[in-house]
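Residue-level structural notes
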Amino acid sequence: MTHVFVSGCYDILHAGHVQFFREARALGDQLTVCFASADVLWNHKQRRSSLPDEHKAAILASLTMVDRVVMGTGTKQGLDFEEHFLRLRPDVLAVTEDDQYADLKRALCAQVGARYHVLEKTPPECAPVSTTQVVRLIRAPKEAPLRVDFGGGWLDVPRFARPGAYIVNCAISPLVSLRDWPYRARAGLGGSGAYAMLRGDDSVSSELNLGVGWQDPAIVFESGLCVWKSGSRPQLELKRDGQMLAGRMALLWTGAPHDTPGVANLDRDYDLIERAGRLAREGVVHEDLERLAEGVRTSYEMQLGEGMTPLPDVPGALAKKYCGGGWGGYAVYLFQAQEARDQFVDQPGGVRIEPYLRNCCEDCS
């Protein structure tokens, strides 16, 4: 009889694991599965186990193609199963094409005369998913804020980043969910970053893969009123609760959709963008609404220079600008007093928004 052996973390079982076990079992007459113990997961992967070891063993043993289950407890990186392998002396060690410890495992096979067999990737029976993706989906929030940006936009795009420059933005409510999205599509409010986070995806990587910046998922995740350092990845410098903006923000739909990737490579005044970010940062640091508004006005000056259509003036507004990269979507207006803001949102087209700060209870839930 041909004895096949496989090993892995198998921390959260999914259809990909089952398919791998079935294909490994087809190489012989019996299959032993070794899973990494909770201690191995922690010491080698810095990850807590999703289930107690005995529960994991029981689940694996219940699979019809699995004949024996053992638990890896060894301290060698990539060879936590070594003790069982040398004891059982299987005929085949089956691995995936992306095995990171091929040399070590080939040497181990040579000790017992086993064959090191790489299973070729076959079409997945279900849509592929990884343990990391499953964990992200479990941790994904039910609701998320969107965001408005005040100064420094585009300096979060790695190819446009400037050392010593800043991006200033604020998470806003009403919140969005996969079932309820109270804003227009392609709105310039960081919706793609929020959508990725709600689906359990790596939202920062998702945005960077679009060729744009990281500020949307960064502020959606962090919440509050934030100052970020310009660079290739999010680096938070300062965070406030945003109450200086309570009752003083509103949106106006500009009548055209927003498309950040489509305008990313247009010519624009990056010196003016950097200045806007610095002014807006000073407003946050000193909790000075007028200085923050000056940063917004500077951002808008750059947007007009880029060729965007002038926005309508609104009574009582301190400043205005297109959200995100502009050229459509929503525009954000800052008001000196709540009364002026409320009068604006009572008119057609005005949308009331408030600063949003996630509380610790939401994080725990």
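Residues numbered from 1 in each chain as written. Predicted model: local features only at pLDDT ≥ 70, side-chain atom pairs only at ≥ 80, totals over all residues. Heavy atoms only, no water.

1. Focus on the overall build of the chain
- When you go through the chain residue by residue, the secondary structure sums to 14 helices and 13 strands.
- Here the chain has a C-alpha radius of gyration of 27 Å; the compact-globule value for 365 residues is 21 Å, and the former is much larger.
- Principal-axis analysis of the C-alpha atoms gives the chain an extent of 85 × 35 × 35 Å.
- Out of the 365 residues in the chain, the part that is buried amounts to 49%.
- Of the contacts made within the chain by residues no fewer than 6 positions apart, 67% connect residues no fewer than 24 positions apart.
- Surface summary for the chain: the accessible area is close to 17,700 Å², and the carbon and sulfur share equals 49%. (Helix = DSSP H or I, 4+ residues; strand = E, 2+ residues; numbered from the N terminus. Rg over C-alpha atoms; globule rule 2.2 N^0.38 Å. Buried < 20%, exposed > 50% of the residue type's maximum accessible area, 1.4 Å probe, protein only. Contact = heavy atoms within 4.5 Å. Areas by Shrake-Rupley, 256 points an atom, 1.4 Å probe, with all protein chains shown as cover.)

2. Here's the deal with helix H2 (residues 38-45)
- If you check which residues of H2 are buried, you get Val40, Leu41 and His44. Around the axis of H2, the buried residues are gathered within 100 degrees of arc, so they sit on the same side. H2 presents Asp39 and Asn43 as exposed residues on the side facing more than 90 degrees away from its buried surface.
- As for H2, its buried residues are in contact with strand S2 (30-36), helix H3 (53-61) and strand S3 (68-72).
- Backbone geometry just after H2 places glutamine 46 at a positive phi near 55 degrees. (Arc of directions from axis to C-beta.)

3. Let's talk about unusual backbone geometry
- Residues serine 173 and proline 174 are joined by a peptide bond in cis, for which omega reads 10 degrees.
- With respect to the helices and strands, proline 174 occurs in strand S7 (residues 166-176).
- In the Ramachandran plot, glutamate 287 falls in the positive-phi region, its phi being about 50 degrees despite a non-glycine side chain.
- Among the secondary structure elements, glutamate 287 is positioned in the loop between helix H11 (270-285) and helix H12 (289-306).
- Notably, tryptophan 327 is not glycine yet its phi reads approximately 60 degrees, a positive angle.
- As for its position among the elements, tryptophan 327 is in the loop between strand S11 (317-322) and strand S12 (330-335).

4. A word on the sheet that holds strand S5 (residues 115-119)
- One open sheet accounts for five strands, arranged S3-S2-S1-S4-S5; its pairing is parallel. Of all strands in the sheet, those with a lone pairing partner are S3 and S5, marking the two edges. Here the average twist between neighbouring strands, direction ignored, is 30 degrees.
- Its contacts with the sheet put H3 on S2 and S3, and the angle it makes with S2 is roughly 160 degrees. (Pairing = 2+ DSSP bridges. Axes fitted to C-alpha atoms, helices over the stretch in contact; angles between N-to-C directions.)

5. Section: the packing of aromatic side chains
- The full count for this structure, using the stated rule, is 12 aromatic pairs.
- Taking 5.6 Å as the distance between ring centres and 35 degrees as the angle between the ring planes, the aromatic pair formed by phenylalanine 335 and phenylalanine 344 counts as tilted.
- Ring pairing ties together the aromatic residues Phe5, Phe81 and Phe85, which thus form one cluster.
- Directly above the ring of tryptophan 154 sits arginine 268, whose terminal nitrogen or CZ lies 4.0 Å from the centroid.
- Positioned above the aromatic ring of tyrosine 166 is the side chain of arginine 281, whose terminal nitrogen or guanidinium carbon lies 4.6 Å from the ring centre. (Phe/Tyr/Trp six-rings, centres within 6.5 Å; stacked < 30°, edge-to-face > 60°. Lys NZ or Arg CZ within 6 Å of the ring centre and 35° of its normal.)

6. Digging into the pairing of S12
- Burial runs high along S12: six of the six residues are buried.
- Here S12 shows two buried faces, one formed by Tyr330, Val332 and Leu334 and the other by Ala331, Tyr333 and Phe335.
- Where strand S10 (residues 249-253) meets S12, five bridges bridge the pair, whose relative direction is antiparallel. Of the residues in S12, the one forming a bridge with leucine 251 is valine 332.
- Sheet topology note: the S11/S12 ladder contains five bridges and is antiparallel. Residue pairing for S12: alanine 319 is matched across the bridge by leucine 334.

7. Observations regarding the pairing of S5
- Both strand S4 (residues 92-96) and S5 contribute to a ladder of five bridges, which runs parallel. Paired with valine 92 across the two strands is arginine 115, which belongs to S5.
- The parallel pair S4 and S5 is bridged by helix H5 (residues 102-112), and the resulting crossover is right-handed. (Right-handed = clockwise from strand over helix to strand, strands pointing away.)

8. Thoughts on the packing of H11 against H12
- Viewed as axis vectors pointing N to C, H11 and H12 meet at an angle of 165 degrees, and their least axial separation amounts to 7 Å. Here H11 is positioned roughly antiparallel relative to H12, judged by the angle of their axes. When you trace H11 past H12, the crossing you get is left-handed. Here Leu272, Ile273, Arg275, Ala276, Leu279, Ala280, Glu282, Gly283 and Val284 of H11 lie close against H12, whose contacting residues are Arg291, Leu292, Glu294, Gly295, Thr298, Ser299, Glu301 and Met302.
- The residue inventory of the contact of H11 with H12, partitioned by class, reads eight nonpolar, four polar and five charged. (Parallel < 35°, antiparallel > 145°, perpendicular 65-115°, else oblique. Left-handed = near helix turned anticlockwise from the far one by under 90°. Nonpolar A, V, L, I, M, F, W, Y, C, P; charged D, E, K, R; others polar.)

9. Some thoughts on the nonpolar core
- With 36 residues, the main nonpolar core has Val148, Phe150, Leu245 and Leu292 as its most contacted residues.
- For leucine 292, the residues in contact, after removing those within four places along its chain, are Phe150, Val168, Met244, Leu245, Leu279, Ala280, Gly283, Val284 and Leu334.
- Counting 21 residues, the second largest nonpolar core, distinct from the first, contains Leu155, Ala165, Ile167 and Tyr270. (Core = buried A, V, L, I, M, F, W, Y, C linked by side-chain atoms within 4.5 Å.)

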